[in-house]
Amino acid sequence: EKKKLDIALQKSEDNLRTVFENTDTGYALLDADFYIMSFNQAMQKFAEADLFKTLHLYTYSILYFAEARQQALLQAMNAVLKGQTISYEINYVQADGSDKWYRMNMYPVFDKNEKAAGIIMAVEDINERKQNEIHLNRIVKEITDYKLALDESSIVFLTDEKGMISYANENCLRMTQFSKEE
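Here's a quick rundown of the structure. Nothing here was measured: the structure is a model prediction, and the numbers come from that model.

Looking now at the nonpolar core. Formed by 27 residues in total, the largest nonpolar core has its most connected members in Met43, Phe65, Met77, Met106 and Met121. When residues of this core are traced back to their parent elements, those giving at least two are strand S1 (26-31), strand S2 (36-39), helix H2 (41-51), helix H3 (67-81), strand S3 (86-93), strand S4 (99-110) and strand S5 (116-125). With 5 residues, the single largest contributor to this core is H3. In contact with methionine 121, not counting residues within four places along its chain, are Gly26, Tyr27, Ala28, Leu30, Met43, Phe65, Leu73, Met77, Met104, Asn105 and Met106.

Dropping the structure here:
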């Protein structure tokens, strides 16, 4: 019976290790003093590409980040050790001047006494989504600017397929002396 349990446990650990090593999300396990206890390949790729450093076990994690970000990161990590989950988006400026965006999530790891014993740090590449969001916001701003320009200088009204007015700008209302309700 013990042998079957050992085999099942080993299989479960192997499955978890496979998932851990083959996910697109970077993971690092930190102890309560913020030293790196474990990390996956995706976290190593993030560190090399955007922090320009190679991760090593049992090193102080804060030192991998830019000095300007270390104080805020320490505050966030201390909050996680108090039981909070922290999540935020952060950008890293690339050599060509462009931004690369990530979502940083930090979760407390509790020991058997429900005391925070460490942190799971997860880093997910959200660059494509963030670039699309920035592009969409730019388009919305352009359309809003065009609408404002039209509203200021033109008489605009829109009708539905039956000829009923569904929108009229302020200039049109002033000229026709109709109210928005009419």
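What follows is about the pairing of S2. Consecutive side chains of a regular strand alternate in pointing toward one face of the sheet and then the other. Here 3 bridges tie S1 to S2, and the two strands are oriented antiparallel to one another. Paired with leucine 29 across the bridge in S2 is serine 38. The hairpin formed by S1 and S2 contains 4 residues between the paired strands, and phenylalanine 34 there has a positive phi angle of roughly 75 degrees.

Tallied over the full model, the rule gives 4 aromatic pairs. Ring plane angle 50 degrees and centroid distance 5.4 Å describe the contact between tyrosine 35 and tyrosine 60, whose orientation is recorded as tilted. Within this pair, whereas tyrosine 35 is found in the loop between S1 and S2, its partner tyrosine 60 is found in the loop between H2 and H3, the two being separated by 25 residues in sequence. Judged by its relative accessible area of 26%, tyrosine 60 is partly exposed. Seen in terms of ring centroids, tyrosine 92 and tyrosine 102 are 6.1 Å apart; in terms of plane orientation they differ by 70 degrees. Their pairing is edge-to-face. Here tyrosine 102 lies in strand S4 and tyrosine 92 lies in strand S3, a separation of 10 residues in the sequence. A single burial state applies to tyrosine 92 and to tyrosine 102, both of which are buried. Of the aromatic side chains, those joined through ring pairs into one cluster are Phe46, Tyr92 and Tyr102.

Parameters and conventions
Residues numbered from 1 in each chain as written. Predicted model: local features only at pLDDT ≥ 70, side-chain atom pairs only at ≥ 80, totals over all residues. Heavy atoms only, no water. Core = buried A, V, L, I, M, F, W, Y, C linked by side-chain atoms within 4.5 Å. Buried < 20%, exposed > 50% of the residue type's maximum accessible area, 1.4 Å probe, protein only. Helix = DSSP H or I, 4+ residues; strand = E, 2+ residues; numbered from the N terminus. Contact = heavy atoms within 4.5 Å. Pairing = 2+ DSSP bridges. Phe/Tyr/Trp six-rings, centres within 6.5 Å; stacked < 30°, edge-to-face > 60°.

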